[in-house]
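# Summary of structural features
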Amino acid sequence: MKKFKVCIIGMGEFSDFFIPLFKSHPNVSEVSICDLIPERCDAAIKKHGGITRVFKSFEDLLENGKDIECIALFTQRHLHGPMVIDALKAGKHVFSAVPMSTSIEECQKIIELVKETRLTYMTGETCYYFPCAIYCRNVYNEGKLGKFVYGESQYYHDMECFSYAFAHSGGDNWKRVAGIPPMYYSTHSISMIVSVINEYATKVSCMGYRDNHEDGIFGVGKNNWDNPFSNETALMQMSGGGIARINEFRRVGTGHKPSSYITCLYGDKGAYEGSVTQHVLIKGVAAGADSTHIDYVSDLVNTKHYVEEQKAGALGGFNIHEDPISEPSHRGFAAVHDLSRLPKSFRDAPHTVHYNSHPYLVDDFFRAVVTGKLPPNNAWDSARYMIPGIIAHESALRDGLPMDVPDFGDAPANWEKLTFEPIDYYEE
Ligand SMILES: NC(=O)c1ccc[n+]([C@@H]2O[C@H](COP(=O)([O-])OP(=O)(O)OC[C@H]3O[C@@H](n4cnc5c(N)ncnc54)[C@H](O)[C@@H]3O)[C@@H](O)[C@H]2O)c1
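Described in the following lines is the structure provided in the data block. (Residues numbered from 1 in each chain as written. Predicted model: local features only at pLDDT ≥ 70, side-chain atom pairs only at ≥ 80, totals over all residues. Heavy atoms only, no water.)

Structurally, His 25 can be placed in the loop between helix H1 (15–24) and strand E2 (28–34). Among the residues examined, His 25 registers a relative accessible area of 2% and is labelled buried. Polar side-chain contacts of His 25 include one of 3.0 Å to the backbone nitrogen of Asn 27. A distance of 2.9 Å separates the side chain of His 25 from the side chain of Asp 363, its partner in a polar contact. With near-sequence residues (within four places) excluded, His 25 lies in contact with Pro 343, Phe 346, Val 362, Asp 363, Phe 366 and Tyr 426. (Helix = DSSP H or I, 4+ residues; strand = E, 2+ residues; numbered from the N terminus. Buried < 20%, exposed > 50% of the residue type's maximum accessible area, 1.4 Å probe, protein only. Polar contact = N/O pair within 3.5 Å; in protein donor to acceptor, adjacent residues only side chain to side chain. Contact = heavy atoms within 4.5 Å.)

Before going further, it helps to examine helix H13 (residues 357–371). Between the first and last C-alpha of H13 there are 21 Å, a value that for 15 residues agrees with the 21 Å anticipated at 1.5 Å per step. Phi for Gly 372, located one or two positions after H13, is positive at around 75°. (Expected span 1.5 Å × (residues − 1).)

Here we take up the pairing of strand E11 (residues 260–267). The element E11 is extensively covered by neighbouring structure, given that six of its eight residues are classed as buried. Note that strand E7 (residues 148–156) and E11 share seven bridges and pair antiparallel. Opposite Tyr 150, over in E11, you have Tyr 266 as the bridge partner. Across three bridges, the pairing between E11 and strand E12 (residues 270–275) is antiparallel. Looking across to E12, one finds that Cys 264 is bridged to Glu 273. Taken together, E11 and the strand that follows it, E12, pair antiparallel across an intervening segment of two residues. (Pairing = 2+ DSSP bridges.)

What follows covers the site of the ligand. Neighbouring residues of the ligand: 29 residues in total, closest Phe 14, Asp 35, Arg 40, His 80 and Ser 169. Residue Phe 14 places a main-chain N or O atom 2.8 Å away from an oxygen atom belonging to the ligand. Within the backbone of Val 98, one N or O atom sits 3.0 Å away from an oxygen atom of the ligand. Relative to its unbound accessible area of 870 Å², the ligand is 90% covered by the protein chains. (Near = heavy atom within 4 Å. Areas by Shrake-Rupley, 256 points an atom, 1.4 Å probe, with all protein chains shown as cover.)

Attention now goes to helix H9 (residues 187–197). Of all 11 residues making up H9, 11 are buried, and the element is well covered by its neighbours. Burial in H9 covers these residues: Thr 187, His 188, Ser 189, Ile 190, Ser 191, Met 192, Ile 193, Val 194, Ser 195, Val 196 and Ile 197. Those residues of H9 that are buried are in contact with helix H6 (131–141), E7, strand E9 (229–238), strand E10 (243–249), E11 and helix H14 (379–397). The first or second residue beyond H9 is Asn 198, which carries a positive phi of 55°.

Another aspect to go through is the side chain of Thr 126. Among the structural elements, Thr 126 can be located in the loop between strand E6 (121–123) and H6. When residues no more than four places from it in sequence are discounted, the contact partners of Thr 126 are Phe 14, His 188, His 354, Ser 357, His 358 and Leu 361.

The next thing to look at is the packing of helix H4 (residues 80–89) against helix H5 (residues 104–117). Direction vectors running N to C along H4 and H5 enclose 15°, while the axes themselves pass 10 Å from each other. In terms of axis orientation, H4 runs roughly parallel to H5. You can see that H4 and H5 cross each other, and the crossing is left-handed. In contact with Gly 81, Pro 82, Val 84, Ile 85, Leu 88 and Lys 89 of H4, H5 contributes Glu 106, Lys 109, Ile 110, Leu 113 and Val 114. Class assignment of the residues belonging to the contact of H4 with H5 gives a composition of seven nonpolar, one polar and three charged. (Axes fitted to C-alpha atoms, helices over the stretch in contact; angles between N-to-C directions. Parallel < 35°, antiparallel > 145°, perpendicular 65-115°, else oblique. Left-handed = near helix turned anticlockwise from the far one by under 90°. Nonpolar A, V, L, I, M, F, W, Y, C, P; charged D, E, K, R; others polar.)

From the geometry alone we can't say anything about function, so treat these as descriptive.
This is the structure in structure tokens:
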């Protein structure tokens, strides 16, 4: 069994979920950590234990951690591109939290480096393993929806609820970063449609909501991008001829859990529709039904925990503000999740946020590093999740002008794709 040394960079809120997974994956020999803020490394060591080495900065790691083969990047979203490029140049396999980058040139450079070095690169796109995306991928690949004609997905992160995340590491000037154009974080919403239909955006037209809120985060001169919009809505022409509607909202009065989901995915033979925790599969007349037939599939797509609590009638008094930990609708595995492919220790992962997608992402990464095969959410996929959003913001600044979306093509055809059979040593 091959084993690798990994360094996790960025000891903020998100990596805290991942440290136990990296530590317990069978293909990991040692875990090091790294942050500019020493107290964050101290806190991580105290909480998780079993940390081999601590690096003072990403630069320190490149200089003094030459024996470390893999890095997992959890720094702030606008820092990823240049760090990934430096890490690939240093010969390291890279797992990067989303987004890939907010610059088209950096996305292109990452693709070129991955092609040249054949190192593993993937983004930790949590929405790839959201049950609605898995369910839609399954029924789409089985042909149940026919050819894609229209889909809607969104990512809602209301600034009232999530400004703390920017303030947490951002210092006095955190608002200048919090005002990043919403479409520069389009990866969750776009990936849910792109990863299902396996197409890419060719054209985009986007409108923005000009924000006047007293918190002063959005507006010309108020943030690093002179971005006036807190909400952006894009229509995208997809490569197969269908249309996707993507919402990226930062000023919206919904406490929806999850914050990203697919509202609908229509094909010419059938459809998926989802609303809060109700999910249906519709079989159309074109698929051979006498009349339109509706299957209620919520028990497959909702978390097992949620389904159990619902059946026991235990959800009535639930209040996310009083008890966020027990919030069941986006914590834990759903019936559509394949547990048999995961290492044994991962199958008992606690009911954690993002539908327990984290164990799948970590496992994809090490399967790819071990086999040299191409993981989902690789450089080519990740660019297709991000570049349409970068162009969408340009369109919004020009009052919705339709604009072409550059595309860097498919991954090389001779790079075998990863598969997910159970592995013997995962049972130990
Ligand atoms: N669903 C998801 O996929 C999801 C959810 C949350 C966060 N994220 C992503 O995860 C990443 C981290 O988010 P977070 O909320 O934990 O951020 P955070 O601000 O809490 O933590 C980032 C950490 O990186 C450290 N850092 C920055 N530059 C560094 C350097 N040069 N060397 C070493 N350390 C450095 C900072 O000191 C900070 O502690 C972000 O990119 C975010 O977009 C993704």
